Amino acid sequence: LKAVILIGGPQKGTRFRPLSFEVPKPLFPVAGVPMVQHHIEACARVPGMKEILLLGFYQPHEALSRFLVAAQQEFKIPIRYLQEYAALGTAGGIYHFRDQILSGGAEAFFVLNADVCSEFPLQEMLEFGQRHGAAHSFVILGTTANRTQALNYGCIVANADTQEVQHYVEKPSTFVSEVINCGVYLFTPAIFQHIGEVFQRQQQELALEESSNGWQRAEVIRLEQDVFTALAGRGKLYVYKTDGFWSQIKSAGSAIYASRLYLNQYSKTHPERLAQNKPGGPIIRGNVYIHPTASIDSTAVLGPNVSIGEGVTVGAGVRVRESIVLHGAALHDHTCVLNTIVGWDSTIGRWARVEGTPSDPNPNDPYAKIDSESLFRDGRLTPSITILGESQLQPGFWRTGQGLLPSYRPPGAVPAGCSVTIPAEVVILNSIVLPHKELSRSCKNQIIL
């Protein structure tokens with residue numbers, strides 16, 4: 001077994017892209033660790049896993065290399081990064097590196113999109129594939145969404161008895177099915193034959209065009225639209241439906257929501273990672289992660305669903321809820337931080353209040369997913385999670401306890417840039433504050449350049 005994690009790359013027009021350098025967004029900390037580490041941890045738990053490959057078109061850099069070395073040491077499994085020469089799509093990338101993936105005689109391999117959070121039931125998918133599928137069949141991880149939100153995902157129509165995928169449509173315009181694609185797959189080497197057929201067809205079509213880069217565009221292949229659609233109904237594709245948690249991470253609200261899901265999972269799988277109420281320590285409510293180097297006043301109240309990063313200082317009487325506080329941030333006495341991502345080395349003054357608007361799924365709908373709303377609606381800023389800035393040391397990198405992490409805009413509507421300072425006794429609500437700003441007044445639903 002092997003695993004390929006598609007970390008993709010920065011794309012123009014997305015809401016989660018680098019500010020100044022093409023480096024992986026999956027290194028953004030969620031529930032105390034980089035987003036992609038949750039994927040690696042799930043893969044490393046599968047018996048017989050021989051290697052994990054990260055695949056994308058970010059430029060290699062020191063921060064990514066350090067992360068890979070640390071992950072190899074922690075999980076005792078080889079981990080490599082393979083860089084695409086261009087954005088090749090979810091299928092084009094694995095087809096381009098098929099020799100690397102199949103080296104060592106891999107009989108099967110998982111493919112995981114990095115911008116999702118999940119319990120990642122990989123072992124269950126493997127057992128399901130052995131029970132239901134033929135020797136050269138493939139498995140998609142699926143879950144149930146409500147009828148309206150299902151239109152935003154790949155929709156799967158499957159045989160109720162065999163779970164064979166009979167029809168697949170990516171983001172249909174009308175309702176097709178409530179079962180959606182989770183972006184986690186189990187393939188055998190036979191998948192490359194089907195991807196190769198798409199590649200050959202695209203080459204033939206592009207050969208008719210007089211284009212100098214036609215050969216390059218032929219390699220841009222999408223698993224969802226180009227491969228799954230053709231495989232559906234041919235006895236080659238099956239869906240394993242999970243009732244565990246799953247969400248995409250494409251906005252600020254989804255980052256906070258993903259952190260909550262992972263913190264809740266820690267209570268079952270890694271209770272040692274969660275803070276506990278202790279004499280002389282802060283008041284903990286619900287699931288809270290605190291880095292050992294953080295300094296927290298005993299009168300502070302944290303939780304539920306709070307992640308405190310390395311070197312963070314939290315003063316007396318501070319209240320933090322539903323938030324992520326990253327490396328080096330300082331929350332001075334009696335501040336209130338709600339539904340917020342406090343970025344690297346940001347400072348919030350005494351008695352200040354920083355609050356965002358939660359964008360959680362509908363709690364009354366068990367199949368509701370989080371909405372990835374646009375930055376603006378009807379010409380106005382959409383209320384969303386507030387994010388207070390990152391401290392940039394050099395173009396393209398940010399300082400963390402592990403050295404330099406990549407510069408990128410975390411997902412969401414309200415980033416507040418590098419070294420942002422919030423003065424005492426002000427209120428910041430749902431505002432975008434760009435880098436290196438020291439605010440002097442309260443603001444609400446504003447973009448501060």
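The name given to the protein in an unreviewed UniProt entry is GMPAA guanyltransferase, and the organism recorded there is Asarcornis scutulata.

**Student:** Which residues make up unusual backbone geometry, and what values do they have?
**Tutor:** Note the cis peptide between Gly303 and Pro304, where omega equals 0°. You can see Pro304 is positioned in the loop between strand E17 (301–302) and strand E18 (306–308). Even without a glycine there, the phi angle at Gln163 is positive, about 65°. Notably, Asn305 is not glycine yet its phi reads approximately 60°, a positive angle. In this fold, Asn305 is placed in the loop between E17 and E18. The exposure class assigned to Asn305 is buried, which follows from its relative accessible area of 12%.

**Student:** How would you sum up the packing of aromatic side chains? Please name residues and give values.
**Tutor:** Tallied over the full model, the rule gives 11 aromatic pairs. Between Tyr168 and Phe228 the ring centres are 5.6 Å apart and the planes differ by 75°, which places this aromatic pair in the edge-to-face class. Here Phe228 lies in helix H8 (residues 223–231) and Tyr168 lies in strand E10 (residues 165–170), a separation of 60 residues in the sequence. Comparing Tyr168 with Phe228, the two get one shared label, buried.

Calculation criteria
- Residues numbered from 1 in each chain as written.
- Predicted model: local features only at pLDDT ≥ 70, side-chain atom pairs only at ≥ 80, totals over all residues.
- Heavy atoms only, no water.
- Helix = DSSP H or I, 4+ residues; strand = E, 2+ residues; numbered from the N terminus.
- Buried < 20%, exposed > 50% of the residue type's maximum accessible area, 1.4 Å probe, protein only.
- Phe/Tyr/Trp six-rings, centres within 6.5 Å; stacked < 30°, edge-to-face > 60°.

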